[in-house]
2 protein chains.
Amino acid sequence: MQDTMCLEKQPLSQEMLEKMNAYWRAANYLSAGQLYLLDNPMLREPLTMDHIKKKIVGHWGTVPGQNFIYVHCNRAIKRYDLDMILLSGPGHGGNFLIANTYLEGSYSEVYPNISQDEDGMKKMFKQFSFPCGVPSHCAPETPGSINEGGELGYSIAHAFGAVFDNPDLIATAIVGDGEAETGPLATSWQSNKFLNPITDGAVLPILHLNGYKISNPTIFSRIPHDEIESFFKGCGWKPYFVEGDDPMTMHKKMAETMDTVIEEIKAIQKNARENNNPERPVWPMIVLRTPKGWTGPKVVDGLQIEGSFRAHQVPLTMESPEHLDLLKEWLESYHAEELFDEHGRLIPELAELAPKGDARLGANPHANGGLLLKDLRLPDFREYGIDVDPGKTKAQDMIELGGYIRDIFKLNKENKNFRIFGPDESMSNRLYHVFEEENRDWNAELLDTDDCLARNGRIMDGMLSEHMCEGWLEGYLLTGRHGFFASYEAFIRIVDSMAAQHAKWLKVCNQLSWRQPIASLNFILTSNVWQQDHNGFTHQDPGFLDHIANKKADVVRMYLPPDANCLLSCFDHCIKSKNYVNAIVASKHPSCQWLSMEQAVKHCTQGIGIWEWASNDYGQEPDIVMASCGDTPTLEVMAAVTILRDEMPDLKIRVVNVVDLFKMQSDHKHPHGLSDNEYDAIFTKDKPVIFAFHGYPTLIHELTFERNNHNMSVHGYLEEGTITTPFDMRVQNQIDRFNLVKDAIMHLPQLGNKGSFLIQKMNNKLVEHRQYIAEYGQDLEEIRNWEWHTPEK
Amino acid sequence: MQDTMCLEKQPLSQEMLEKMNAYWRAANYLSAGQLYLLDNPMLREPLTMDHIKKKIVGHWGTVPGQNFIYVHCNRAIKRYDLDMILLSGPGHGGNFLIANTYLEGSYSEVYPNISQDEDGMKKMFKQFSFPCGVPSHCAPETPGSINEGGELGYSIAHAFGAVFDNPDLIATAIVGDGEAETGPLATSWQSNKFLNPITDGAVLPILHLNGYKISNPTIFSRIPHDEIESFFKGCGWKPYFVEGDDPMTMHKKMAETMDTVIEEIKAIQKNARENNNPERPVWPMIVLRTPKGWTGPKVVDGLQIEGSFRAHQVPLTMESPEHLDLLKEWLESYHAEELFDEHGRLIPELAELAPKGDARLGANPHANGGLLLKDLRLPDFREYGIDVDPGKTKAQDMIELGGYIRDIFKLNKENKNFRIFGPDESMSNRLYHVFEEENRDWNAELLDTDDCLARNGRIMDGMLSEHMCEGWLEGYLLTGRHGFFASYEAFIRIVDSMAAQHAKWLKVCNQLSWRQPIASLNFILTSNVWQQDHNGFTHQDPGFLDHIANKKADVVRMYLPPDANCLLSCFDHCIKSKNYVNAIVASKHPSCQWLSMEQAVKHCTQGIGIWEWASNDYGQEPDIVMASCGDTPTLEVMAAVTILRDEMPDLKIRVVNVVDLFKMQSDHKHPHGLSDNEYDAIFTKDKPVIFAFHGYPTLIHELTFERNNHNMSVHGYLEEGTITTPFDMRVQNQIDRFNLVKDAIMHLPQLGNKGSFLIQKMNNKLVEHRQYIAEYGQDLEEIRNWEWHTPEK
Ligand SMILES: Cc1ncc(C[n+]2csc(CCOP(=O)(O)OP(=O)(O)O)c2C)c(N)n1
Ligand SMILES: Cc1ncc(C[n+]2csc(CCOP(=O)(O)OP(=O)(O)O)c2C)c(N)n1
Ligand SMILES: [Mg+2]
Ligand SMILES: [Mg+2]
């Protein structure tokens, strides 16, 4: 297309504004049609109740404003040849996005059945928010979306994630004024302190001040103008206001403002890039104040609808016949017959307003990130393995992992498609080695004394917000890049709901052939429940695993590597994987190492295994199975085994370790699950199993509910203990070696009285322990310096 | 004490400032001592390694600033006779609060063993962050605290909760500049839109701008002054800045600023109260910029400590002998010998600086809310019961509940100790009747068209933030009042971590005799997973129950009333209870009613029961048990039972309903649990149990893992379905009547071929269902209008 032919590149004309208004009417018509119409999509016949859906479900209030923004984005994209994606914060009102992607053609490309003609329009209307149809939100099913909404609050965080390392991308984020009241959204305005104007793209927030949420007004719409302005200035933004309700006046204001802000963004980027000046600029944003339910029914049954909270969902319910007239009037007010031709196709004068090809918001590949995904270049993790004398060597698993990750940074320097995320905890979580190669990202003021802070760091740990870590990372992954989130295990619960929503997103994507797989969402949960020496009860919570376990089996994975070599192997596996939510629980404290790299690879690949070198039931049925999952439980089980083998040399003990937690579940329920036969081969059908687990014991109960062998005693976290020694935490939760030995003996009735003395010995040890720590504040020497051994022959 | 004698009431003098500085030194000394000293508390002997704790765990950086604030609060309390509580946002650095409550005497009153003498000081030092001692955070163990911190972000929300309906209370909230970056904290500044200057008290936020968090600088400390100022103005606050590092200058500035802000608060209140003008004022706040680790070690091993992130935890580790000298120098710099007498008691000139009695921050009864708790006046819930023709009557449980709650408002008008909380959802959750009596609280701009908004509303649903609902409610409860939080079931997951922290708080309080019981934290989870017609997959998540189930058994309770009368009974029970976290899952849609009020009371009191009127195994062993828990599962089980009884009249069916979910767990694990005998009497030892459960099936698995009868097939939410009909949601998750019947038959091998035709019939029904909804968008007539019946004889 010739630039000179393109209306958008001309000075703003009345003709252009009128076309835009017509396009907007078309979008509004299609959005309303989706809510109501089963048939008669172009209203060619007189509207009757038979044309109306029996159950009308969906949202209207937010729609016209979002349609308005869409048409203005279209113009800006064409005028400035922009690479832009659009995030709809509210998410509900997904009919707006379907309408617009349908108008521009991107919808029908993905769903040919919803063709750009009257038949397709009818199907589009019917399917919306309808059984066997499509969701009412900006769900994965909707092309162009990377932010479903539903759970409100993440639009700005997702938008920032999308533009990191995408210098030419603009992510326009429509923020609901209700959404803006959520915690995650409120802090996300600060994300501009982490954006580099040279190497990152731009986020253009549009606060959608339609005045209401479900049934209350919004705070931002009910504070003085100068407070709104101060607020955004205080957050480092330059707000532009577009306010009003007369469509044509508003089109003009909005178009002019879009030009201003896009030019400002371009100027900021040009200046930064030409002068190699990464200092934080003040980025522009828009505050768009329009009536909720704009252009919809004004008054229904004597109550104001347009411009009120009553416009939020369905502005007109269809139980009374007068409402049919109101609906007709409303739908006819858009004059669809002027906008669509006799085949129900958008007329060419309007169709040409949409950008073409990948420039369309519904077709931008960044919003289907798998299309852009490049594999990471990965070092061979085996080379980072450490030499191990089992149960004697000590190492800090997270430190070892840091070395491997440092080299991922090195290898992907050019591709710029890997970042790590954390709430001010990368050091505390001991990823020390990554700082040898990379800095933390920081675009607020820098001081000479600052440590590893830089304008272009790839370690995103400068903001104390789990919500931002998660939201940025999700945005980064959804646009086709790689990363992980390392968190204190307890505080990952802050983003329970975000992780669940992402898992849901992935589950749906798995059913959509046109959505290409994206890199997995990887969590490293460290500073875990057993490693909270500086902190207390508030910092103990292993329940994220339980949470993840409830999500759809084809999406979630959990790994609990017992040592550094296993951690390396698990991490390598996760960072290569696609479309999963992976949770890895890792140790950061100096702790016992068990497996050589070669053994670790075998063990982790199988996910569960008998540690034959620690067992003494070779070739026989064991008397008891001592099993563990997690670093600390493994240590205690191994220590318990040394005691049992020393004290009861005839006892046949099998030692089992679980890395891949879903191995415990049946293969009917999870693709990683062992079959019942495989399971019985490891755990036996009926021998006692003493199982020491990292988290809540109930998680093992639920995973193994349907297994044959219920002769299992699970030890885990019991919500006991606060600041105390590491070993005492275990004692208080009865996952320590002494309690494990006691429990083992109590599960071996055949020992009869032989076990009693060992039980007494264990009880004495527990008293000794308690007295010692109360006096010295640290664990007994024999605990601190414990080493694995097998009984002398 | 005579006012004229009180130094605080005189114009600020150098003498006063010097005394305050000395008091501050004492607090700093005691805080550092707690970190390091096992013995030699007054440094009367030369300091040796033997006097030092083996493992030094705790925080220093935040402490001196918080001590500084404390001494200035003390002065303000005395000068203006204030009723004040103090919330420490960061929470870590709890040694500051112990030091100060010890100095003022409130600590020793609660813990006489930690006496105000050298022996007590030694014990106080040793116990801190020590095994068998006290936590390092502002935990429940610390008098004066209602905000433990640990998980950062809730100080302002808690503070607002505390001052609602406490017109004479000032809650001073120290906000960490790192904490300020969290989502919950960021949005909590907006809470001033919900404060009534006549009937509520005041919150005085002090942003503690010490520049750093764990190892990064903070955003607020690295943006220009005018951005900070704009930010707070934009949030509706008037910020006062106190910045510097010279102690004496800073004392002067701070004292003057405290006077200014307290006088401003008083003036605002006076004006509002005298003129009966509840309009939102601009409340003052303080931005206090001081060095992190102020007065601590300056440089250690060549690295800057004071004024840097390195001061965060332990500023001096004790592995090298030079560090012993540094520690000595540091501790001696406070000149404890000038501050404490020969018995180790604070000298009288300083002791007199502390407020007296309940005015002390460590003794203010609002911070031990149970002391102030008044029982609610409750109507007789039985009077709100509805007449029920079982399985024929329909009602909306939440609407019925609303009537009862409306009257709670009525009865407690004078006591002003009941509020309800929700994120813009009270209408959506159908608490319609409450609006007959009460309004929503709103102190931003009001319009004529506004609906049920008022300056003094007690329905706190004007802010779209689950974090605020939860935080405000917690603050309200912790200060001795009552309330509940009604939420969409899915989005309650947003506050998973907050609910867990509160449960942990309660667990610890249960062990502290001086902490009086407070009203329970009540959740009503409605708009539940089975009732999401306007929304989709994102709005489905019944996992909060799983989350709660992992908390300490003596603190948590879960109720799933099957109908309105049961909901009334459960709610009544919960709202009267103390020290629990109660989760009630409730239905808001028109749905079948089962029990008369009389039956409901019996059923809910027992928590589980056989519905003999629906069963046909009277006096015999049943062939099968059909059990349910939750409104929708109960409907489907009852419908399945009608099919089974019609089609297989000889089958002996027992119908069981569970309201109190913990009945399923063993009485060894939960106080509500049934004994194994009781359980077997209901579920039999081995007969098949088809169990339809509201949530994830695994929760039933984990609760019943240790029961005898594992012949149980649990149906529940399987993460399937998005927008569709209500019945189709059940079909997709196989919890519908047809799938239940199929499963029942497959669990009755004795039926042999007799069952095959019924299975075929059910399969046909499922196809018919699917075809119907795909065409009409609503459920089959026979589903919509289903009614319970027993077979005709
Ligand atoms: C976190 C969260 N809490 C509650 C809801 C329930 N809810 C759905 S829509 C809505 C109001 C949204 O208001 P706003 O963001 O202003 O969107 P708009 O006015 O554009 O519809 C609420 C509270 C939700 N979706 N997410
Ligand atoms: C929600 C949450 N995320 C992470 C942490 C880990 N953490 C502990 S202290 C801290 C820094 C706190 O900084 P700030 O609020 O400025 O407190 P101060 O400087 O006064 O210590 C962090 C990130 C936490 N406690 N809570
Ligand atoms: Mg809105
Ligand atoms: Mg700080």
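The rules behind the values
Residues numbered from 1 in each chain as written. Chains lettered and ligands numbered in written order. Predicted model: local features only at pLDDT ≥ 70, side-chain atom pairs only at ≥ 80, totals over all residues. Heavy atoms only, no water. UniProt positions renumbered as here; feature names shortened; annotations may be inferred. Contact = heavy atoms within 4.5 Å. Buried area = accessible area lost by both parts, 1.4 Å probe. Salt bridge = Lys/Arg side-chain N within 4 Å of Asp/Glu carboxyl O. Polar contact = N/O pair within 3.5 Å; in protein donor to acceptor, adjacent residues only side chain to side chain. Helix = DSSP H or I, 4+ residues; strand = E, 2+ residues; numbered from the N terminus. Nonpolar A, V, L, I, M, F, W, Y, C, P; charged D, E, K, R; others polar. Near = heavy atom within 4 Å. Areas by Shrake-Rupley, 256 points an atom, 1.4 Å probe, with all protein chains shown as cover. Donors = N, O, S within 2.8 Å, 3.2 Å for Na, K, Ca; no water. Buried < 20%, exposed > 50% of the residue type's maximum accessible area, 1.4 Å probe, protein only. Pairing = 2+ DSSP bridges. Axes fitted to C-alpha atoms, helices over the stretch in contact; angles between N-to-C directions. Parallel < 35°, antiparallel > 145°, perpendicular 65-115°, else oblique. Left-handed = near helix turned anticlockwise from the far one by under 90°.

As recorded in an unreviewed UniProt entry, chain A goes by Probable phosphoketolase and comes from Dorea acetigenes. Heading Cofactor (unreviewed entry) of the UniProt record for chain A holds this comment: "thiamine diphosphate". Quoted verbatim from the Sequence similarities (unreviewed entry) heading of the UniProt record, the comment on chain A is "Belongs to the XFP family."

Trainee: Before we go on, may I ask you to explain the interface of chain B and chain A in this structure?
Mentor: Accessible area lost on assembly of the parts is the figure often given for the size of an interface. Contact with chain B, which involves 127 residues of that partner, is made by 127 residues of chain A. Here chain B packs against chain A, burying approximately 10200 Å² in sum over the two surfaces, 55% of which is carbon and sulfur. Looking at the side of chain B facing chain A, the largest losses of area belong to R222, H534 and F705 of chain B, adding up to 8% of the total buried there. When the shortest N-O distance is used, the salt bridge between D496 of chain B and R493 of chain A registers 3.9 Å. Linking chain B with chain A are 54 residue pairs in polar contact (both at pLDDT 80 or more), by the criterion used here. Those elements that provide at least two residues to the side of chain B that touches chain A are α7 (183-188), α8 (225-234), α15 (496-509), α16 (544-549), α21 (697-703) and α24 (756-776) of chain B. In terms of residue count, the dominant contributor to the side of chain B that touches chain A is α15 of chain B (7 residues). The residue makeup of the side of chain B that touches chain A, split by class, is 46 nonpolar, 45 polar and 36 charged.

Trainee: Please explain the site of ligand 2 as it appears in this structure.
Mentor: The environment of ligand 2 is made up of 24 residues, and the closest members are E466 of chain A together with T62, H92, G150 and K292 of chain B. At the site occupied by ligand 2, the surrounding residues belong to chains A and B. Here a nitrogen atom of ligand 2 sits 3.2 Å away from a polar atom, N or O, in the main chain of L152 of chain B. Within the contact set of ligand 2, an oxygen atom lies 2.7 Å away from a backbone nitrogen or oxygen of G178 of chain B. Surface burial for ligand 2 is 99%, taken as the share of its 590 Å² of free accessible area covered by protein chains. Of the residues belonging to the shell around ligand 2, the class tally is 9 nonpolar, 7 polar and 8 charged.

Trainee: Would you explain the coordination of the magnesium ion (ligand 4) in this entry?
Mentor: Under ideal tetrahedral coordination, the four donors around a metal are separated by 109.5 degrees; under ideal octahedral coordination, the six donors are separated by 90 or 180 degrees. Residues and elements named next belong to chain B. Looking at the magnesium ion (ligand 4), one finds its protein donor set to be D177 (OD), N210 (OD1) and Y212 (O), positioned 2.0 to 2.2 Å from the metal centre. By relative accessible area, D177 is classed as buried at 2%. Residue class for Y212 comes out buried when judged on its relative accessible area of 8%.

Trainee: It is not clear to me how the sheet that holds strand β20 (residues 653-658) of chain B should be interpreted in this structure. Could you clarify?
Mentor: The strands that make up a sheet are held in pairs by hydrogen bonds between backbone atoms, and each pair lies either parallel or antiparallel. Residue and element names in this part refer to chain B. Overall, mixed pairing links the 5 strands, which are arranged β18-β20-β19-β21-β22 in an open sheet. In the strand order of this sheet, the two ends are held by β18 (608-610) and β22 (712-715), each with one partner. Geometrically, the sheet is characterised by an average inter-axis angle of 20° between neighbouring strands, direction not taken into account. Each of β18, β19 (624-629), β20, β21 (689-693) and β22 touches helix α20 (residues 676-683); the most contacted strand, β20, lies at about 130° to it.

Trainee: How should the packing of helix α19 (residues 631-647) of chain A against helix α24 (residues 756-776) of chain A be read in this particular structure?
Mentor: Packed helices, taken two at a time, are described by their axes: the angle between them and the distance between them. Residue and element names in this part refer to chain A. It is at 12 Å that the axes of α19 and α24 come closest, and there the two elements cross at 140°. Considering their axes alone, α19 and α24 lie oblique with respect to each other. α24 is crossed by α19, and the crossing has right-handed handedness. Mapping the contact onto sequence places I643, L644 and E647 in α19 and L758, K761 and M762 in α24. In the contact of α19 with α24, the residues fall into 4 nonpolar, no polar and 2 charged.

Trainee: So what exactly am I meant to see when it comes to the side chain of H715 of chain A here?
Mentor: Residue and element names in this part refer to chain A. Residue placement: H715 occurs in strand β22 (residues 712-715). The class for H715 is buried, based on a relative accessible area of 10%. A polar contact is formed between the side chain of H715 and the backbone oxygen of Q734, at a distance of 2.5 Å. Every residue in contact with H715, bar those within four places of it in the chain, is listed here: I690, F691, A692, F693, P697, Q734, I735, N739, L740 and D743.

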